[in-house]
Protein chains: 6
Amino acid sequence: MVYVTRRTTFSASHRLFNPNWTDEKNQEVFDKCNNPNGHGHNYVLEVTVGGIPDPETGYVIDLKVLKNIIKEKIEKEVDHKHLNYDVDFLSGIIPTVENIVVAFWNILKESLTEQQKLIKLKLWETESNIAEYYGEDANITSYK
Amino acid sequence: MVYVTRRTTFSASHRLFNPNWTDEKNQEVFDKCNNPNGHGHNYVLEVTVGGIPDPETGYVIDLKVLKNIIKEKIEKEVDHKHLNYDVDFLSGIIPTVENIVVAFWNILKESLTEQQKLIKLKLWETESNIAEYYGEDANITSYK
Amino acid sequence: MVYVTRRTTFSASHRLFNPNWTDEKNQEVFDKCNNPNGHGHNYVLEVTVGGIPDPETGYVIDLKVLKNIIKEKIEKEVDHKHLNYDVDFLSGIIPTVENIVVAFWNILKESLTEQQKLIKLKLWETESNIAEYYGEDANITSYK
Amino acid sequence: MVYVTRRTTFSASHRLFNPNWTDEKNQEVFDKCNNPNGHGHNYVLEVTVGGIPDPETGYVIDLKVLKNIIKEKIEKEVDHKHLNYDVDFLSGIIPTVENIVVAFWNILKESLTEQQKLIKLKLWETESNIAEYYGEDANITSYK
Amino acid sequence: MVYVTRRTTFSASHRLFNPNWTDEKNQEVFDKCNNPNGHGHNYVLEVTVGGIPDPETGYVIDLKVLKNIIKEKIEKEVDHKHLNYDVDFLSGIIPTVENIVVAFWNILKESLTEQQKLIKLKLWETESNIAEYYGEDANITSYK
Amino acid sequence: MVYVTRRTTFSASHRLFNPNWTDEKNQEVFDKCNNPNGHGHNYVLEVTVGGIPDPETGYVIDLKVLKNIIKEKIEKEVDHKHLNYDVDFLSGIIPTVENIVVAFWNILKESLTEQQKLIKLKLWETESNIAEYYGEDANITSYK
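Residues numbered from 1 in each chain as written. Chains lettered and ligands numbered in written order. Predicted model: local features only at pLDDT ≥ 70, side-chain atom pairs only at ≥ 80, totals over all residues. Heavy atoms only, no water.

Draft legend 1. Quick look at the packing of helix 2 (residues 63–78) of chain D against helix 3 (residues 97–109) of chain D. Residues and elements named next belong to chain D. At a minimum axis separation of 10 Å, helix 2 and helix 3 run at an interaxial angle of 140 degrees. When the interaxial angle is binned, helix 2 and helix 3 end up oblique. Where helix 2 crosses over helix 3, the two elements pack in a sense that is right-handed. Of the residues in helix 3, those in contact with Ile 69, Lys 73, Ile 74 and Val 78 of helix 2 are Phe 104, Ile 107 and Leu 108. For the contact of helix 2 with helix 3, a count of residues per class yields six nonpolar, no polar and one charged. (Axes fitted to C-alpha atoms, helices over the stretch in contact; angles between N-to-C directions. Helix = DSSP H or I, 4+ residues; strand = E, 2+ residues; numbered from the N terminus. Parallel < 35°, antiparallel > 145°, perpendicular 65-115°, else oblique. Left-handed = near helix turned anticlockwise from the far one by under 90°. Contact = heavy atoms within 4.5 Å. Nonpolar A, V, L, I, M, F, W, Y, C, P; charged D, E, K, R; others polar.)

Draft legend 2. Geometry of the relation of the copies chain A and chain D. Least-squares fitting of chain A to chain D yields an RMSD of 0.0 Å, with the superposition described by an axial translation of 0.0 Å and a rotation of 120 degrees. Look at the turn and shift together and you get a three-fold axis relating the two. (Least-squares fit on C-alpha atoms with pLDDT ≥ 70 in both.)

Draft legend 3. Broad picture of the interface of chain A and chain B. Chain A puts 20 residues into the contact, and the matching count from chain B is 20 residues. Each partner contributes to the roughly 1,600 Å² buried at the junction of chain A and chain B, and carbon and sulfur atoms together form 45% of this total. On the chain A side of the contact with chain B, Asn 37, Asn 42 and His 80 of chain A bury the most area, a combined 37% of that side's loss. Scanning the region where chain A abuts chain B turns up two salt bridges. Note that Asp 79 of chain B and Lys 32 of chain A form a salt bridge whose closest N and O atoms lie 2.9 Å from each other. Linking chain A with chain B are 19 residue pairs in polar contact (both at pLDDT 80 or more), by the criterion used here. When residues of the side of chain A that touches chain B are traced back to their parent elements, those giving at least two are strand 1 (2–14), strand 2 (39–51) and strand 3 (81–82) of chain A. Here the side of chain A that touches chain B is built from residues that sort into three nonpolar, 12 polar and five charged. (Buried area = accessible area lost by both parts, 1.4 Å probe. Salt bridge = Lys/Arg side-chain N within 4 Å of Asp/Glu carboxyl O. Polar contact = N/O pair within 3.5 Å; in protein donor to acceptor, adjacent residues only side chain to side chain.)

Draft legend 4. Highlighting the arrangement of the chains. Nowhere do chain A and chain C come into contact; their C-alpha atoms are at least 14 Å apart. Taking C-alpha atoms as the reference, chain D and chain F come no closer than 14 Å and do not contact one another.

Draft legend 5. Fine view of the nonpolar core. Counting residues in each nonpolar core, the largest one holds 110 residues, and the members touching the most others are Phe 104 of chain B together with Phe 104 of chain F. Not counting the four nearest positions on each side in its chain, Phe 104 of chain F is found in contact with Phe 10, Leu 45, Ile 74, Val 78, Phe 89, Leu 121 and Leu 123 of chain F. (Core = buried A, V, L, I, M, F, W, Y, C linked by side-chain atoms within 4.5 Å. Buried < 20%, exposed > 50% of the residue type's maximum accessible area, 1.4 Å probe, protein only.)

Draft legend 6. Looking closely at the interface of chain A and chain D. Chain A puts 21 residues into the contact, and the matching count from chain D is 24 residues. Counting the surface lost from both chain A and chain D, the interface buries some 1,900 Å², and carbon and sulfur atoms represent 49% of this. Considering only the side of chain A, the residues that lose the most area to chain D are Tyr 3, Arg 7 and Glu 56 of chain A, jointly responsible for 27% of the buried surface there. Put simply, chain A and chain D have one salt bridge between them.

Draft legend 7. The confidence of the model for chain A, seen in detail. For chain A, the average pLDDT comes to 95, and 99% of its residues sit at 70 or higher. Under the prediction, the complex receives an ipTM of 0.95, its pTM being 0.97. (pLDDT = per-residue confidence, 0-100.)

Draft legend 8. Looking closely at the pattern of salt bridges. For the structure on display, the rule yields 30 salt bridges over all chains. The closest approach of N and O atoms between Glu 127 of chain A and Arg 7 of chain E, which form a salt bridge, is 3.5 Å. Remark: Arg 7 of chain E occurs in strand 1 (residues 2–14) and Glu 127 of chain A occurs in the loop between strand 4 (117–124) and strand 5 (129–133); the pair is interchain, linking two chains. Of the residues examined, Arg 7 of chain E reaches a relative accessible area of 17% and is grouped as buried.

Draft legend 9. The arrangement of a positive patch on the surface in detail. Where like charges cluster on the molecular surface, the positive patch consists of Lys 67 and Lys 71 of chain A together with Lys 67 and Lys 71 of chain C. Elements with a minimum of two residues in the positive patch: helix 2 (63–78) of chain A together with helix 2 (63–78) of chain C. The residue Lys 67 of chain C is located in helix 2 in this model. (Patch = residues over 30% accessible without salt bridge, like charges linked within 9 Å, V, L, I, M, F, W, Y side chains within 5 Å. Areas by Shrake-Rupley, 256 points an atom, 1.4 Å probe, with all protein chains shown as cover. Lys, Arg positive; Asp, Glu negative; His and termini not counted. Charge placed at Lys NZ, Arg CZ, Asp CG, Glu CD.)

Draft legend 10. Highlighting helix 3 (residues 97–109) of chain B. The end-to-end C-alpha separation of helix 3 of chain B is 18 Å, in line with the 18 Å expected for 13 residues at 1.5 Å each. Val 97, Glu 98, Asn 99, Ile 100, Val 101, Val 102, Ala 103, Phe 104, Trp 105, Ile 107 and Leu 108 of chain B are the residues of helix 3 of chain B that are buried. For helix 3 of chain B, the elements touching its buried residues are strand 1 (2–14), strand 2 (39–51), helix 2 (63–78), strand 4 (117–124) and strand 5 (129–133) of chain B together with strand 1 (2–14) of chain C. (Expected span 1.5 Å × (residues − 1).)

Draft legend 11. Region of interest: the side chain of His 39 of chain C. Its location among the elements puts His 39 of chain C in strand 2 (residues 39–51). Reaching out from His 39 of chain C, the side chain makes a polar contact with the side chain of His 41 of chain C at a distance of 3.4 Å.

Draft legend 12. Summary view of the environment of Ser 128 of chain D. The topology assignment puts Ser 128 of chain D in the loop between strand 4 (117–124) and strand 5 (129–133). On the basis of relative accessibility, which here comes to 16%, the residue Ser 128 of chain D falls in the buried class. In this structure the C-alpha to C-alpha distance between Ser 128 of chain D and Thr 141 of chain D, which are 13 residues apart in sequence, comes to 25 Å. In contact with Ser 128 of chain D, other than residues within four places in its own chain, are Thr 5, Arg 6 and Arg 7 of chain A.

Draft legend 13. Structural context of the relation of the copies chain A and chain B. The operation relating chain A to chain B is a screw motion whose rotation component is 180 degrees, with 0.0 Å of axial translation and a residual RMSD of 0.0 Å. Viewed as a symmetry operation, the transformation between the two copies matches a two-fold axis.

Draft legend 14. How the structure looks around unusual backbone geometry. Positive phi, normally seen in glycine, also occurs at His 80 of chain C, with a value near 60 degrees. With respect to the secondary-structure elements, His 80 of chain C resides in the loop between helix 2 and strand 3 (81–82).

Draft legend 15. The packing of aromatic side chains, seen in detail. Enumeration over the complete set of coordinates arrives at 42 aromatic pairs over all chains. Measuring from ring centre to ring centre gives 5.5 Å for Phe 30 of chain B and Tyr 59 of chain C, while their planes differ by 65 degrees; the resulting arrangement is edge-to-face. A residue pair is termed interchain when its members come from two chains, as with Phe 30 of chain B in helix 1 (residues 23–30) and Tyr 59 of chain C in the loop between strand 2 and helix 2. Here Phe 30 of chain B falls in the buried class, since its relative accessible area comes to 0%. A relative accessible area of 11% means that Tyr 59 of chain C is categorised as buried. On the numbers, 4.9 Å between centres and 10 degrees between planes, the contact of Phe 10 of chain E with Tyr 43 of chain E is stacked. Taken together, the residues Phe 10 of chain E in strand 1 and Tyr 43 of chain E in strand 2 (residues 39–51) connect sequence positions 33 residues apart. Considered together, Phe 10 of chain E and Tyr 43 of chain E belong to a single accessibility category, that of buried residues. Pairwise contacts between aromatic rings join Phe 10, Tyr 43, Phe 89 and Phe 104 of chain A into one cluster. Positioned over the ring face of Trp 21 of chain E is Lys 25 of chain E, at 4.4 Å from the centre of the ring. (Phe/Tyr/Trp six-rings, centres within 6.5 Å; stacked < 30°, edge-to-face > 60°. Lys NZ or Arg CZ within 6 Å of the ring centre and 35° of its normal.)

The following block contains the structure:
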């Protein structure tokens, strides 16, 4: 197995709050991330796929193909969007960096073929806040 | 003259639109930056101050002091905020990276002493979109 | 005046040699940069344009427009190319980082309007080798 | 086990094509990476070695030693070279980032002692295209 | 399991030498790292914690909490310090990047709760010298 | 004029204090930068030289030559050293980032020829603390 990774970026806004909680509790737990008008980030996403390089191309997966899958399935949905309101597959989910990365996994998993084994997603919200997911226990709970 | 620079970051959301225009015109000009729920960035700000190093301290300006001025006057106002709705000094201003950097100049200018000469502001909206301002023609027009 | 910058990258190969010289002289002067089969870099280019933000848009220049000009006039010509053989506007020019940046200036200068004042180009060949050009004395000499 | 990593860079050119294919097929599959005169990259390589820190030195491996092994065995062969034509150990191999990283593994594996356990190689071709290899199924197929 | 990482930096000085050795042996083994007055680095530390996102918050661990633990237990002890003389928990330990990362593990391990599973520490001494630790065989030997 | 820049790094330790002051005053002014055993940084230095590209080489200055001048005159003196005690040309100077950059200018100025015009030095002490110098009023005061 060799692992190839494609890196991409997108800009989005979000707000951390739990609609089942009082304003006070949301403020206490999420603090400045709970700003009602939201705030935003330049997210960085790395998608890692594993496999054996094809003897005819030397490719585990053509990274141009992987780039297009990520663009079509992820970037188009989240770039220049508000993650709480504009993204169907994040509906009802508190958009923490760890919840988003699991949601991305579920989307990408079904966009790859059998041979293109999704190994890892890594998502930077800022240079200092990062989440990684390897497909273990992919359930995220909606607050709905 | 020696120039010292302090770098800081903040996360905010914004929407590019001109309230005097139709939705169609806004969409045509600002495209995906016009998403109604906004989108966001991890902004990077560099503030450059010039002067002669003080013979007793070796400092043009104590960078801890400059850091605190930026924190108090800029970061507190814009970090984890929506630049269109939450920031008094950006009210009525389309928050493009070039308009924001001029607005920051006006704020910082009055927060420094005579000796602490503000030379340059540099603001990254993304790694690829950057504005710089040296205090020439500081007027920005409100759409109000 | 406010200055806005658009950053882009491209991958190209080149060889430093002067066809008017002997192999020995080329090797002595250009050393490993003279490898006959060439070598390559991920170049980074920053294009800076200055102006007054338009009161209706807040833009000095729409960075999407600047991005497209750079893509059309520069990237299309040099990305995934050999700079010695594949680029018309570099023909007869030793592709050092300083010669390339001047050649780019001449191309971009004529692609901008009167209001879009080209201020500066910055070109990284590696993280450690950089050239900047502000349009002073733009002549580069062909070895032809 | 503690893992130590040494990072290095080199500049090289390459061309992706399969000599057993027609020009049309090469163009279709490899697109702009198939430019006949090649193109190039600033590659970044990270070499990770694992072990128990020596009680007398605190070193898993002296990183100066690892640096020199990488310089001697890898950099000397590939820096400022064309990977298709100038590198013996890449002869007959399509120089995709995943094939190169496996070829580097085979070289480095035999340059380390029993105690210096090679754990991982990570190779960036660009900031966005990356391959990793942990020594699983190290065969790469020559097109010869 | 999802993994979240908090990144932080600190500036410290150190000297690599073994007090049980002669000056000559220290110089031979540690070379310029053995400078008697020490030298220093801007260290970068990444702390990775794994868990299941809490359905009510979407957090594996509140990264603000993790940030504060790292600040309190690590940064306060090592930032702007000399690692050989000023840090209790490094006393008697040769401060190589691999020994420091293990020492940090031992400190952080006891600062987290049962649910906050410490997975990995990654420490950069420079951009090119890095150590990682996953808690395997955590003993480091004092030279005392 | 075209400007070429060579970037390099070095690791050093320093302590900010004025020997003419009491310990209390040093602590009050320099705070944690005054740690008696010192602390350290990975400094980044960029040296910019301006000129007209030579028609025969395409070089303003051969960057390999500039690299060697910086290595010989600066790196050799400061890398893996304590800037307060180990560097002759910093003797009696409080090693703030702005004082160091002026001292480097004085050294480099006399190491270049007439044609190699030193334009700018930029020195990062950390990612967030930076000094730049263009040769204006180069006097730095010794505390001796």
